[in-house]
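The lines below spell out each chain.
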Amino acid sequence: MSKPILIAQISDLHIKAPGALAYGKVDTAAALQRCVAALNALQPRPDLAVISGDLADTPTVEEYDHLKRLLAPLEIPFIGIPGNHDSRAMMRAAFPDQAYATSEGGLNQLRSVGGLDIVLLDSSVPGKPHGELEPATLQWLEATLAASPERPALLFLHHPPFRTGIDHMDVQDLSNAGALAPIIRSHPRVQLISAGHVHRATLTQFAGVPATICPAPNHAVDLDLDARRAPSFRVEPPAFHLHVWFPGAGFGHVVTHHVPIGAFDGPHPFFGADGKLL
Ligand SMILES: [Fe+2]
C-alpha cells in the first residue's frame, strides 16, 4: 500500500523588517522561527509545506529578504501564494524558482506530490484587502482540474470563499466565490479547499467540499461574531495545519490535523512495561 502524503500548511506570516513588530505588538519573526522549528521536528517529515499568503506585511523588498532568511532553516520544500499583504512582483523576485503557471498575472501553480495534486490559486487583488479570482485564474483552474480527472487534488488560496461570521474579515473575503463554486462542483477530484487570511482555524463546506482556514503562527483575528469590538487581534496559541492524504478507493481521503506550536509536556506513555494502563 502506498504511503500517505503529508502537506503542512502555514499561513499569514506577516514578516516585517528586522526588529519591527506587527501592529507595534507582535514579533512575527520570532513566531516564524518557532514555527519552522516545529515543522522541522515533525516525524515523519512532511512532503511539502504550503504558505497560504501574507508572507510579508507591508510589503517591501526588505521584508521578503528577512522572510527568506527566516525560511532558510526550513528542511521541507515549500511553495507560497500571495495574500493581500503581498506583492506579486516582489514574490516573483524573492522566489524565482517557484513554478508559477504564467510569467505575469496571478501566481497560480500546480505541484504534484506522488499521487496528489496541490493546486495554488492567487486570490490577491493588487492594492486591495479583499480577494478575487481573475478570469485567467478561473480558466487556468478549470483547465488544470480537467487535465487529470483521476488524480485527487487539494486546493489552496489566501481568501476564504465563505463567510466566517467575523464581519470585518468577511467583507474582505473572496468576492467572486460564486464563480469558483461551479468549477469545484464539476471536478470531484478536489478533496479539500484551504485558505488563510483570518488567522484562526475554521471548518465548513464549500461547493460540497470540506473547506478550512489555517491558523497563524503569530496573532489571531479576535473571535468576535457580534461586531461588538473594533477590528481586533489577540495573541492566541499559535498553530498550523498538517493535511494527511491517504491513498485508497476513489480519491482516497484527507485528514487535517491542527498542530499547536510550542513546547508541551509529553509525550508520556499510556501503558507501563506490563502492558497495563498507568
Ligand atoms: Fe494575514
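Scroll up a little and you will see the structure.
A quick note: this is a predicted structure, and the numbers were derived from the prediction, not measured.

(A) Molecular detail of the sheet that holds strand 7 (residues 190–195). Judged by pairing direction, the sheet is mixed, and its 6 strands sit side by side in the order 4-5-6-7-9-8 without closing on themselves. A single partner strand is all that each edge strand has here, and the edge strands are strand 4 (109–113) and strand 8 (202–206). Here the strands of the sheet are splayed against their neighbours by 20° on average, with no regard to which way each runs. Both strand 7 and strand 9 (residues 209–213) contribute to a ladder of 3 bridges, which runs parallel. Pairing of A195 across the sheet is with I213, part of strand 9. Taken strand by strand, helix 6 (residues 177–185) contacts strand 5 (116–121), strand 6 (153–157), strand 7, strand 8 and strand 9, and its axis lies near 70° from that of strand 8.

(B) Seen up close, helix 2 (residues 61–71). Those residues of helix 2 that sit buried are E63, Y64, H66, L67, L70 and L71. With its buried residues spanning 160° around the axis, helix 2 presents them on a single face. Among the exposed residues of helix 2, those pointing more than 90 degrees away from its buried face are V61 and R69. Elements in contact with the buried residues of helix 2: helix 1 (28–41), strand 2 (48–52), strand 3 (78–81) and helix 3 (88–94).

(C) Examining the nonpolar core more closely. Grouped together as the largest cluster of nonpolar side chains are 32 residues, with contacts concentrated most on I10, L32, L39, L67, L71 and F240. Taken together, the elements giving at least two residues each to this core come down to strand 1 (5–10), helix 1, strand 2, helix 2, helix 3 and strand 12 (239–246). Examining the composition of this core, we find that 6 residues originate from one element, helix 1, more than from any other. Of all hydrophobic cores here, the second largest spans 29 residues; its members include L133, I166, A207 and A211.

(D) Quick look at the coordination of the iron ion. The protein atoms donating to the iron ion are D12 (OD), H14 (NE2), D54 (OD) and H199 (NE2), with metal-donor distances spanning 2.1 to 2.4 Å. Of note is the iron ion, whose 4 donor atoms meet at the metal with angles of 88 to 175° in an arrangement that counts as irregular. We note that the donor set of the iron ion lies within a single chain, spaced as D-x1-H-x39-D-x144-H. Of this pair, D12 sits in the loop between strand 1 and helix 1 while D54 sits in the loop between strand 2 and helix 2, placing them 42 residues apart in sequence.

(E) Focus on the side chain of K16. Topologically, K16 is positioned in the loop between strand 1 and helix 1. Since its relative accessible area comes to 16%, K16 is described here as buried. Polar contacts involving the side chain of K16 include one to the side chain of D57, which spans 2.9 Å. In contact with K16, other than residues within four places in its own chain, are L21, A22, T28, D57, T58, E63 and H66.

(F) Inspection of the packing of helix 1 against helix 2 at higher detail. Remark: helix 1 packs on helix 2, axes separated minimally by 10 Å, with the N-to-C direction vectors making an angle of 30°. It follows that helix 1 is roughly parallel to helix 2 by the angle criterion. With respect to the hand of their crossing, helix 1 and helix 2 are arranged in right-handed fashion. Residues A29, L32, Q33 and V36 of helix 1 touch helix 2, and the partners they reach there are H66, L67, L70 and L71. Tallied by class, the residues present in the contact of helix 1 with helix 2 amount to 6 nonpolar, 2 polar and no charged.

(G) Spatial organisation of the packing of aromatic side chains. Overall, the coordinates contain 3 aromatic pairs when judged by the stated rule. Here the aromatic rings of F78 and F95 are separated by 5.7 Å at their centres, their planes lie at 90°, and the arrangement is edge-to-face. Remark: F95 occurs in the loop between helix 3 and strand 4 and F78 occurs in strand 3; sequence separation between them is 17 residues. A ring pair is formed by F270 and F271, whose centres lie 6.5 Å apart and whose planes are at 65°; its orientation type is edge-to-face. Judged by relative accessible area, F270 falls into the exposed class, the value being 64%.

(H) Up close: the pattern of salt bridges. Inspection of the entire model under this criterion finds 12 salt bridges. The shortest N-O distance in the salt bridge between D47 and K3 comes to 3.6 Å. On the criterion of sequence distance, the pair formed by D47 in the loop between helix 1 and strand 2 and K3 in the segment before strand 1 is long-range, its members being 44 residues apart. Of the residues examined, K3 reaches a relative accessible area of 56% and is grouped as exposed. Residue D57 is joined to K16 by a salt bridge in which the shortest nitrogen-to-oxygen separation is 2.9 Å. Here the residue D57 occupies a position in the loop between strand 2 and helix 2, and K16 occupies one in the loop between strand 1 and helix 1, the gap between them amounting to 41 residues. Across the pair, exposure class does not vary: D57 and K16 are buried alike.

The rules behind the values
- Residues numbered from 1 in each chain as written.
- Predicted model: local features only at pLDDT ≥ 70, side-chain atom pairs only at ≥ 80, totals over all residues.
- Heavy atoms only, no water.
- Pairing = 2+ DSSP bridges.
- Helix = DSSP H or I, 4+ residues; strand = E, 2+ residues; numbered from the N terminus.
- Axes fitted to C-alpha atoms, helices over the stretch in contact; angles between N-to-C directions.
- Contact = heavy atoms within 4.5 Å.
- Buried < 20%, exposed > 50% of the residue type's maximum accessible area, 1.4 Å probe, protein only.
- Arc of directions from axis to C-beta.
- Core = buried A, V, L, I, M, F, W, Y, C linked by side-chain atoms within 4.5 Å.
- Donors = N, O, S within 2.8 Å, 3.2 Å for Na, K, Ca; no water.
- Tetrahedral: all angles 85-135°; square planar, octahedral: opposite > 155°, others 65-115°.
- Polar contact = N/O pair within 3.5 Å; in protein donor to acceptor, adjacent residues only side chain to side chain.
- Parallel < 35°, antiparallel > 145°, perpendicular 65-115°, else oblique.
- Left-handed = near helix turned anticlockwise from the far one by under 90°.
- Nonpolar A, V, L, I, M, F, W, Y, C, P; charged D, E, K, R; others polar.
- Phe/Tyr/Trp six-rings, centres within 6.5 Å; stacked < 30°, edge-to-face > 60°.
- Salt bridge = Lys/Arg side-chain N within 4 Å of Asp/Glu carboxyl O.

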